[in-house]
Amino acid sequence: MKETDPSTASPSQVRRFIRDGKWKSHTSGLANGYVQCNLVILPEPEANDFLKFCQLNPKSCPIIAMSSEVGSPYIDVGADEPADIRSDIPEYNIFVGGELQSQVSDINDYWRDDLVIFLLGCSFSFEEALLADGIEIRNITQNVNVPMYNTNIANVKAGELAGNLVVSMRPMLAKDAIRAVQICSRFPSVHGAPVHLGDPSLIGISDINKPDYGDAVEIKQDELPVFWACGVTPQNVIRQAKVDFCITHSPGCMLVTDIKNSTLSVF
């Protein structure tokens, strides 16, 4: 293994590369075998409502971990040392009043002593199980970020938090899509089975070649688009609720943990 090659690095090495500014891109395909997490950071009062939102919407917001102490920037990721959430993700989104204010490579200047961290399951985890079964993951093949789309599927409201589901998409042959449903049903903590297969217009997507987040991928003539609930969903909710202050990951730029994907399988 090359010590300076993030594409073959261990999870702790990936976090170090990111912290040192040596990896600034999406994390799809990094640290194969290990859980990657979406990020939401909120002040404590709003965090209470968000916890309820996650409990009511486990497909889009499956909680992997939360802060053990309000205001601490450190969180357990299954390693000898906790991750520093201020610097261990390639790019962060800063929301003020529900609007995206900036995208930054670390959040040291934004950290406050009233913040609560949420780590949410990510579809990158079940990609490993699909690949192991011989199913191609097009965004990995093409070395791009997974395409993600806003939909017309409403989440269950919690307090002032409401909004529609965001989905990620992977094109597959029909037989592989059926197998993907079977495989991903074993991983409810990383979005579980797909929420839709086929015609994207039925869930409010007007142009499959123009994702709202991430990158477009090739969809071959004999393939179906297959859609999963996505951890970018909270960013829609934050916009709609006009939350005063929130920090999230930039879509596709995840926190790489030392938790093995295999530990998330329910059977």
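For every chain, the first residue of the written sequence is number 1, and numbering continues from 1 onward in sequence order. Side-chain atom pairs in this predicted model are given and counted only at pLDDT of 80 or more, local residue features only at pLDDT of at least 70, and totals for whole chains, interfaces and linings cover all residues. Hydrogens and water molecules were not included; the side-chain quantities draw on all heavy atoms of the structure.

### Re the overall build of the protein chain
Piece 1. Put simply, DSSP marks the helices as runs of H or I at least four residues long and the strands as runs of E at least two long, and each gets a number from the N terminus on. Within the protein chain one finds six helices and 13 strands.
Piece 2. Once the C-alpha set of the protein chain is aligned to its principal axes, its extents read approximately 50 × 45 × 35 Å.
Piece 3. Residue pairs at least 24 apart in sequence account for 76% of intrachain contacts in the protein chain once pairs closer than 6 positions are excluded.
Piece 4. The Shrake-Rupley method, run with a 1.4 Å probe sphere, supplies the accessible areas, and residue values consider only the shown protein chains as cover. Per element, the accessible surface of the protein chain, about 11,400 Å² overall, is 48% carbon and sulfur.
Piece 5. One way to put it: in the protein chain the 21 positive side-chain charges average out to a point 4 Å from where the 33 negative ones average out. It only takes one pair of heavy atoms within 4.5 Å for two residues to be counted as in contact. Charge assignment: positive for Lys and Arg, negative for Asp and Glu; neither His nor the chain ends contribute. By convention, the point assigned to a charge is CZ for Arg, NZ for Lys, CD for Glu and CG for Asp.

### What about the side chain of Asp-88?
Piece 1. Relative to the assigned elements, Asp-88 resides in the loop between strand 4 (83-84) and strand 5 (92-96).
Piece 2. Pairs of N or O atoms are called polar contacts if they sit within 3.5 Å, as long as, within protein, a hydrogen donor faces a hydrogen acceptor (for residues adjacent in sequence, only side-chain-to-side-chain pairs). Of the polar contacts made by the side chain of Asp-88, one reaches the side chain of Arg-19; its length is 2.7 Å.
Piece 3. Contacts of Asp-88, omitting those with residues within four sequence positions, involve Arg-15, Ile-18, Arg-19, Ala-83, Met-254 and Leu-255.

### Thoughts on the nonpolar core
Among soluble globular proteins, nonpolar side chains are generally buried collectively.
Piece 1. Membership of the largest hydrophobic core comes to 37 residues, with the highest contact counts inside it found for Ile-41, Ile-85, Leu-119, Leu-130 and Met-172.
Piece 2. When residues of this core are traced back to their parent elements, those giving at least two are strand 1 (34-43), strand 5, strand 7 (115-121), helix 3 (124-132), helix 5 (174-184), strand 11 (224-229) and strand 12 (245-249).
Piece 3. Beyond its immediate sequence surroundings of up to four residues, Ile-85 is in contact with Leu-39, Ile-41, Pro-73, Ile-75, Tyr-92, Ile-107, Trp-111, Ile-117, Leu-119 and Leu-255.
Piece 4. For this analysis, a nonpolar core means a set of buried residues of the types Ala, Val, Leu, Ile, Met, Phe, Trp, Tyr and Cys, connected via side-chain atoms within 4.5 Å. Accessibility here uses a 1.4 Å probe with only protein chains present; expressed as a share of the type maximum, an area under 20% marks a residue as buried, one over 50% as exposed, and anything in between as partly exposed. In this structure, Leu-42, Phe-95, Leu-161 and Val-237 belong to the second largest nonpolar core, which totals 17 residues.

### Focus on the sheet that holds strand 11
Piece 1. In this analysis, strands are considered paired if DSSP registers two or more bridges between them. A sheet is described by the order of its strands in space; here four strands give the open sequence 8-9-11-10, paired in antiparallel fashion. In this open sheet, the two strands that pair with only one neighbour each are strand 8 (148-154) and strand 10 (196-197).
Piece 2. Pairing geometry for strand 9 (residues 164-172) and strand 11, over six bridges, is antiparallel. If you follow Met-172 over to strand 11, its bridge partner there is Leu-224.

### Considerations on a nonpolar patch on the surface
Piece 1. Any residue with relative accessible area above 30% and no salt bridge may belong to a patch, with like charges joined within 9 Å and the nonpolar Val, Leu, Ile, Met, Phe, Trp and Tyr side chains within 5 Å. By salt bridge we mean one thing: a side-chain nitrogen of Lys or Arg within 4 Å of a carboxyl oxygen of Asp or Glu. Among the surface-exposed residues, Val-181, Leu-197 and Leu-224 lie close enough to one another that they form a single nonpolar patch of about 190 Å² accessible area.
Piece 2. As for its position among the elements, Leu-197 is in strand 10.
Piece 3. Residue Leu-197 is classed as partly exposed on the basis of its relative accessible area, which comes to 37%.

### Some details on the packing of aromatic side chains
Piece 1. Any pair of Phe, Tyr and Trp rings, taking the six-membered ring for Trp, is counted once the centres come within 6.5 Å. Such a pair is stacked with planes under 30 degrees apart, edge-to-face with planes over 60 apart, and tilted for the rest. Inspection of every chain in the model, using the stated rule, returns four aromatic pairs.
Piece 2. Judged by centre distance (6.2 Å) and plane angle (75 degrees), the ring pair of Tyr-149 and Phe-227 falls under edge-to-face. With Tyr-149 in strand 8 and Phe-227 in strand 11, the pair connects residues that are 78 residues apart, well separated along the chain.
Piece 3. Relative accessible area serves as the criterion here: at 0%, Phe-227 is assigned to the buried category.
Piece 4. Members of the aromatic cluster, each reached through a chain of ring pairs, are Phe-50, Phe-53 and Phe-118.
Piece 5. Two conditions define a charge located above a ring, namely a distance within 6 Å from the ring centre to NZ of Lys or CZ of Arg, and an angle within 35 degrees of the ring normal. Just above the ring of Phe-17 sits the side chain of Arg-16; from NZ or CZ to the centre is 5.8 Å.
Piece 6. Here Arg-170 stacks its cationic end above the ring of Trp-228, 5.2 Å away from the centre of that ring.

### As for the environment of Leu-131
Piece 1. Its place among the elements puts Leu-131 in helix 3.
Piece 2. For Leu-131, a relative accessible area of 39% translates into the label partly exposed.
Piece 3. When residues no more than four places from it in sequence are discounted, the contact partners of Leu-131 are Ile-137 and Ile-140.

### Looking at the pairing of strand 1
In summary, the side chains of a regular strand alternate between the two faces of the sheet.
Piece 1. Within strand 1, nine of the ten residues are buried, which leaves the element mostly enclosed by the surrounding structure.
Piece 2. By the bridge criterion, three bridges tie strand 1 to strand 13 (residues 255-260) in an arrangement that is antiparallel. Residue pairing across strands places Gln-36 opposite Val-256, the latter belonging to strand 13.
Piece 3. Examined bridge by bridge, strand 1 and strand 12 share two bridges and lie antiparallel to one another.

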